[in-house]
Amino acid sequence: MDIKNLELRKAYQKFLDDYSQVNQNLSESFLTELWRKYLGKNGVLTVVFRRQMSTLPKQEKKDFGIEFNLLKDFVQSLIQTKKEDLIGIEQKDYNSKVLVEFKVPEFKIGHFHPLTQTIRDINNIFRSLGYSIVDGPEIETDEYCFQRMNLPLDHPARDLQDSIYISEPDILLRTQTSSIEAHVLEDFKPPMKIVMPGRVYRNEKVNKSNHFTFHQYQMTTVQEKVSMAELFSIINYLFKTYLGEDTVVRFRCKYYPEVEPGLGPDIQCFNCKERGCALCKGRGWIEMGGAGIRHPNVLRMAGIDPEKWQGYAFGLGLDRLAMAKHGITDIRTLLSGSLVYKPKA
Ligand SMILES: [Zn+2]
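- Under an unreviewed UniProt entry, the protein chain has the name Phenylalanine--tRNA ligase subunit alpha and belongs to Candidatus Dojkabacteria bacterium.

### Points about helix α2 (residues 28–39)
Okay, so step 1: Here α2 contains twelve residues, and its C-alpha end-to-end distance of 16 Å stays within 8% of the 16 Å for a straight helix at 1.5 Å per residue.
Okay, so step 2: Those residues of α2 that fall on the buried side of the exposure criterion are L31, L34, Y38 and L39. One face of α2 carries all of its buried residues, which in axial projection span an arc of 90°.

### Focus on the layout of surface pockets
Okay, so step 1: Estimated volume of the largest pocket: approximately 1000 Å³.
Okay, so step 2: Lining the largest pocket we find 46 residues, and of these R202, Q216, Y256, E287 and G289 sit closest to its centre.
Okay, so step 3: Split into classes, the residues belonging to the lining of the largest pocket amount to 21 nonpolar, 14 polar and eleven charged.

### Things to note about the packing of helix α1 (residues 6–19) against α2
How two helices pack is summed up by the angle between their axes together with the distance between the axes.
Okay, so step 1: Running from N to C, α1 and α2 point in directions that differ by 170°, and their axes come no closer than 11 Å. The orientation of α1 relative to α2 falls into the category roughly antiparallel. On α2, the residues that touch A11, K14, F15, D18 and Y19 of α1 are F30, L34, K37 and Y38.
Okay, so step 2: Residue composition of the contact of α1 with α2, by class: six nonpolar, no polar and three charged.

Here is what the cut-offs are and how they apply
Residues numbered from 1 in each chain as written. Predicted model: local features only at pLDDT ≥ 70, side-chain atom pairs only at ≥ 80, totals over all residues. Heavy atoms only, no water. Helix = DSSP H or I, 4+ residues; strand = E, 2+ residues; numbered from the N terminus. Expected span 1.5 Å × (residues − 1). Buried < 20%, exposed > 50% of the residue type's maximum accessible area, 1.4 Å probe, protein only. Arc of directions from axis to C-beta. 1 Å grid on protein atoms, 1.4 Å probe; cavity = no way out; pocket = protein on both sides within 12 Å on 5 of 7 lines; lining within 4 Å. Points joined across faces, edges and corners; volume = space filled by probe spheres on them. Nonpolar A, V, L, I, M, F, W, Y, C, P; charged D, E, K, R; others polar. Axes fitted to C-alpha atoms, helices over the stretch in contact; angles between N-to-C directions. Parallel < 35°, antiparallel > 145°, perpendicular 65-115°, else oblique. Contact = heavy atoms within 4.5 Å.

This is the structure:
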């Protein structure tokens, strides 16, 4: 910049010296100080202006004024440009430090809990067989939980399960979904085909394969004639449809007071394929529940004439079905809140 006025030229040189430091010291305060030093009330340029305007001869004032304004604009624009650079740098810095931390990592779509999905899938299988779905209370009376299932107060089978009582000896958390069935048999008129998924409670130690709260899937059928062959085929159909055609199922004779005869379906352990593991307690098979032909006493207590109607029923471990389906080897995982197990589509 070509400046004729000596004072202005000195101020200009001084400014250029200071400005050469700007990149090393780039900050809001440095730029503000620079502005104040040259353009402030007692700034270098302001003082020169004041002095020159009072001492210069009148005819030189105009040229001085033009030079002064040019220099003032020059200084202002350099400082302003650096301010804008600074804002850009700070913004970039802010973006990389702060905004990145708040960036949504990955959009996740939720999914049903494996148990909910299992209930829905099995409901669909039974809907296709003409069954209705019914729910019932989780807090139950001794009568509907035990007595209606042919377990009188002094029946030894009551020792098979330790229960969680709300008010002994009458009110408890249901220990089995058969309690829903006790209501269903009483409330509906035969013939009936009904399934009942639900949560049940027992006073059990929690470990890899047992939990104090778990789920069962109950089925009851009442019609004029029933057969074991029909019951076998329904259970087989359920396991093979839900778990796959290659699922190996076996039936064992079992005793349950609410059925006669009674049986228990097992599936080959999905974890060890019969070699034996912690999940199946070394047996190679997993017990899936109990089933059988309805005991006439149960029908009679519900007001159904056993001479006219027959029935069969099962209560299956729903958690074990979900575990087999999704390859879950620890029942505690189901209620732990882990998002690891995503139901297969
Ligand atoms: Zn096993």
